[in-house]
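Per-entry structural report
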Amino acid sequence: MFRPKLPDTPHVPSITTHIPQDHAPAPSAGRSVAPFVGVGAGAVAAVVVIGVVLTALLAAVALSAVSVAIAAVVLRSLITGANRR
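Let me sum up the structure you'll find in this document. Note that the structure is a prediction, hence the values are computed from the model and not measured. Throughout this document, residue positions are counted from 1 along each chain, in the order its sequence is written. Given that the model is predicted, a residue must reach a pLDDT of at least 70 before its local features are reported, and side-chain atom pairs must reach 80 or more before they are shown or counted; all residues, however, enter totals for whole chains, interfaces and linings. The side-chain values count all of the structure's non-hydrogen atoms but skip hydrogen atoms and water molecules.

**Concerning the overall build of the protein**
Numbered from the N terminus, helices here are DSSP runs of H or I no shorter than four residues, and strands are runs of E no shorter than two. Each helix and strand in the protein was counted, giving one helix and zero strands. Residues classed as buried in the protein amount to 0% of the 85 residues present. Method for areas: the Shrake-Rupley scheme with a 1.4 Å probe, in which residue coverage is limited to the protein chains shown. Accessible surface for the protein amounts to roughly 8500 Å². Of this, 72% is attributable to carbon and sulfur atoms. Only protein chains enter the accessibility calculation, which uses a 1.4 Å probe; a residue whose area is less than 20% of its type maximum is buried, one above 50% is exposed, and one in between is partly exposed.

Here's what the structure looks like:
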């Protein structure tokens, strides 16, 4: 009662193809290289964009570290100056 009924699938006949052996394959010199160049250019562009983003993130982290270090030095000098008085 609660089991789903699957529809009957018709039998699909298999199609066999015959490849004649007397014909030589077409030479590959006439193939276009444009799709491969497009893929290569896209990959290079992706690598360049990822490199730029990672470099920007590294620069942001370095700038933050330098600013925190400067703030620590200033606070340290203010605290030691207040203790001497």
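Having seen the structure, we can now continue with the description.
**Concerning a nonpolar patch on the surface**
Note that patches include only residues with greater than 30% relative accessible area and no salt bridge, and the join distances are 9 Å for like charges and 5 Å for nonpolar side chains (Val, Leu, Ile, Met, Phe, Trp, Tyr). The salt bridge definition used is simple: a Lys or Arg side-chain nitrogen within 4 Å of an Asp or Glu carboxyl oxygen. A surface patch of nonpolar side chains, amounting to about 570 Å² of accessible area, comprises Val66, Ile70, Val74, Leu75, Leu78 and Ile79. Along the chain, the position of Leu75 falls in helix H1 (residues 34–84).

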